[in-house]
Amino acid sequence: MASYGPTNSSSVSSIELRGITTKKLEDNLANELESDIAGENEDDTMNEIEDEMADETEDDTADETEDDITDELEGQVFQFNSEKISSMLSPKRLAAEWKAKMESTRNLTENKCEHPLLTDFTCLSDIPIVRNALQKLSDVPFDHPPFANERASYEPICKFLNSSIAECNSVYDTLVQKTGGKIGEFTVQPKSERWFSRLRFYVNDNPTRDAADTASPDIVGLNDESLDHCNFHCTWGDPSRHSEIKSCSTQRIHFSVGISRKPGDLLRKCIGYARAGRSAAPERLWRIVFSFDQGANIFRLLIFHNGGLSASHAMDLEEAEGRKRVQQMLFAMILWQDAEDAGYPCFTNGSEMALPGNIFATIEETLWYSTSTCGRGTHVLRARFDPAPKGARSPQLTTEESRVQGI
C-alpha cells in the first residue's frame, strides 16, 4: 500500500500546469510557498502567476486536446521536494498501529477508517543506513555542447541518466553486502534479482508499435542493458502482441523522458506518455515520466496517478545539487524489489487475479477502461472464476520473463 496524493504540498492551477517546467514558474512557486509560511495573502501571487503563464501560452497553438488535458488536471497538480518524492517511490511498510486500526474497522458497515498518509509508512529510503548510503553517491556531470536543437540534448540526457543509474547500482550492491540483504523489515535482494535489474535509457528513434503511436517518447527506459548498438522498437503494451516484427528487438517502455524548449509542448508530451502507459497497464497505480526543459536545463520527475500529478521541484542539471537530487530519486526506484514496489497491485498480473476466499480469476476480456491521465481509472473485465489450488499464491509477476512481457 502506498500514498501518492497531496501531503503538505503546493497546488497549482491548470493554467500554471502548462508552464510547469519553466524557471519563472519555479521562482514564483517558491515565492508562493514563502507567502504560505509567512501567513501572507497569496491571492496576489496566484494572480500574478496566472497572468504571466497566460501571457506565455498566448502564442502557443492551443488545441482541444490540450484544453481537455489541463481541465482534467485542474486543481490536482502538486509539487514536492526530492526527499518527499523519494519517500513516495520507495518500498514501504504500513506502521503496525495502522494495521491494527484497519483490522479493527474491517467489519464495520460504515467506512470509519481514516486513510493512512505517507508519514504513516516506514519508507526504506528513509532508514538511516540507506540515507547514509545515499551520501556515498558520486556526482555525475552533465556534459554537453550548446544545444543547437531539441535532439541535441537526447544523448547527453541518456548519458547522465545511465551514469547515475550505474552509480546507484554500485551503492546498492555495497548496501546489500553490508546488510546481508536485511534492513529492518525489508529484504533487499542482489541486483540480478530485484525489479528492473537491467534498467537503461535509450534514444528512441522509432515510433511505438501499438495503439499509442502518436506518443513516441524522445527517450525510453527499458529493462535491457544490451541494446546500445541494436535497432529496436518499443511498445507501451505487451511486446508479444507484435510478433510480426522480425528484424529487430521489441521492448516494453517502462519509463519515458519528454524533452522540449517549449513548456507547452513539453507538457503535452509528458501527459501523452503517461496516458499511453496507463492505457497499456490500467491496473498500475502510477506512471513515472521525466521532463527536461532544454531552454533552462531544468529536469523534473512527474508521477501521474489517479489523484492527479505529483511533480518534483525543478532540478538544474548544471548545478551539483540538482544532479544529486535526481540521483536521490533514481535510487528510490533502484530499491524496488517486486511488482508491488513498482506500483502494480499484489493480487493481479494483468491476466489473472487472486481474490478473497482462495479463488482465482482468469481475465478473458477487457470490456472497457477509462482513457484518461487521472481519475478513478475504471476498468471493467470479463473473468472466469475457479477455485485456486491449495496453497496457491498471488499471481503477482515475479519471473524474469514476466518482468519483460507483463509490465
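Residues numbered from 1 in each chain as written. Predicted model: local features only at pLDDT ≥ 70, side-chain atom pairs only at ≥ 80, totals over all residues. Heavy atoms only, no water.

In this model, the protein chain carries an average pLDDT of 76, and 72% of its residues clear a pLDDT of 70 or more. Scored below 50 in pLDDT, residues 1–65 makes 110 contacts in the model with residues more than four places away or belonging to other chains. The low-confidence segment residues 397–407 (pLDDT under 50) makes 33 contacts with residues lying over four places distant or belonging to another chain. (pLDDT = per-residue confidence, 0-100. Contact = heavy atoms within 4.5 Å.)

Let us now look at the pattern of salt bridges. Counted under the stated rule, the structure contains eleven salt bridges. Salt-bridge contacts for R325 lead to E321; the nearest nitrogen and oxygen are separated by 3.5 Å. Within this pair, R325 and its partner E321 are both found in helix α10 (residues 320–334), separated by four residues, close to a single helical turn. Given the relative accessible area of 32%, R325 is considered partly exposed. In this structure, a network of salt bridges that share partners links the residues E83, D126 and R131. (Salt bridge = Lys/Arg side-chain N within 4 Å of Asp/Glu carboxyl O. Helix = DSSP H or I, 4+ residues; strand = E, 2+ residues; numbered from the N terminus. Buried < 20%, exposed > 50% of the residue type's maximum accessible area, 1.4 Å probe, protein only.)

This next bit is on helix α8 (residues 154–179). The end-to-end C-alpha separation of α8 is 37 Å, in line with the 38 Å expected for 26 residues at 1.5 Å each. In the stretch just after α8, G180 is the one whose phi turns positive, near 70°. (Expected span 1.5 Å × (residues − 1).)

Judged by nonpolar contacts, the single largest core of 61 residues is most densely connected at L89, F201, F290 and W336. When residues in this core are grouped by element, the largest group, eleven residues, is from α8. With 24 residues, the next largest nonpolar core counts V77, L267, F304 and L309 among its residues. (Core = buried A, V, L, I, M, F, W, Y, C linked by side-chain atoms within 4.5 Å.)

What follows deals with the pairing of strand β14 (residues 308–312). The buried fraction of β14 is high, at five of five residues. Relative to β14, strand β13 (residues 298–305) is paired through four bridges, and the arrangement is antiparallel. Bridge pairing links H305 to G308 in β14. Between β13 and β14, which pair antiparallel one after the other, the connecting turn spans two residues. (Pairing = 2+ DSSP bridges.)

Per the stated rule, a full pass over the model turns up 14 aromatic pairs. Considering the side-chain rings of F201 and F290, the 5.9 Å spacing of their centres and the 75° angle between planes classify their relative orientation as edge-to-face. A residue pair is termed long-range when its members are at least 10 positions apart, and F201 in strand β7 (residues 199–203) and F290 in strand β12 (residues 286–293) qualify at 89 residues. No difference in accessibility class separates F201 from F290, as the two residues are buried. Taken together through their ring pairs, the aromatic side chains of W195, F196, F201, F255, W286, F290, F299 and W336 make up a single cluster. Seen from the ring of Y172, R194 lies directly overhead, with NZ or CZ sitting 4.7 Å from the centre. (Phe/Tyr/Trp six-rings, centres within 6.5 Å; stacked < 30°, edge-to-face > 60°. Lys NZ or Arg CZ within 6 Å of the ring centre and 35° of its normal.)

The subject of this paragraph is the environment of K92. Inspection of the secondary structure puts K92 in strand β3 (residues 92–94). Judged by its relative accessible area of 8%, K92 falls in the buried class. Once the C-alpha coordinates of K92 and L118 are considered, the two residues, 26 residues apart in sequence, prove to be 9.2 Å apart. At 3.1 Å, the side chain of K92 and the backbone oxygen of S87 are in polar contact. One polar contact links the side chain of K92 to the main-chain carbonyl oxygen of S90, over a distance of 2.6 Å. (Polar contact = N/O pair within 3.5 Å; in protein donor to acceptor, adjacent residues only side chain to side chain.)

A word on the side chain of S312. Relative to the assigned elements, S312 resides in strand β14. When neighbours within four sequence positions are excluded, S312 is seen to be in contact with Q79, F80, I85, R300, L301 and M329.

For strand β8 (residues 219–223), the tally of buried residues reaches five of five residues, placing the bulk of the element in the interior. Bridge analysis of β7 against β8 gives five bridges, and the strand direction is antiparallel. By the bridge assignment for β8, R200 is matched with L222. Here β8 runs beside strand β11 (residues 255–260); their pairing, made up of three bridges, is antiparallel. Bridge assignment links I219 to a residue of β11, and that residue is V257.

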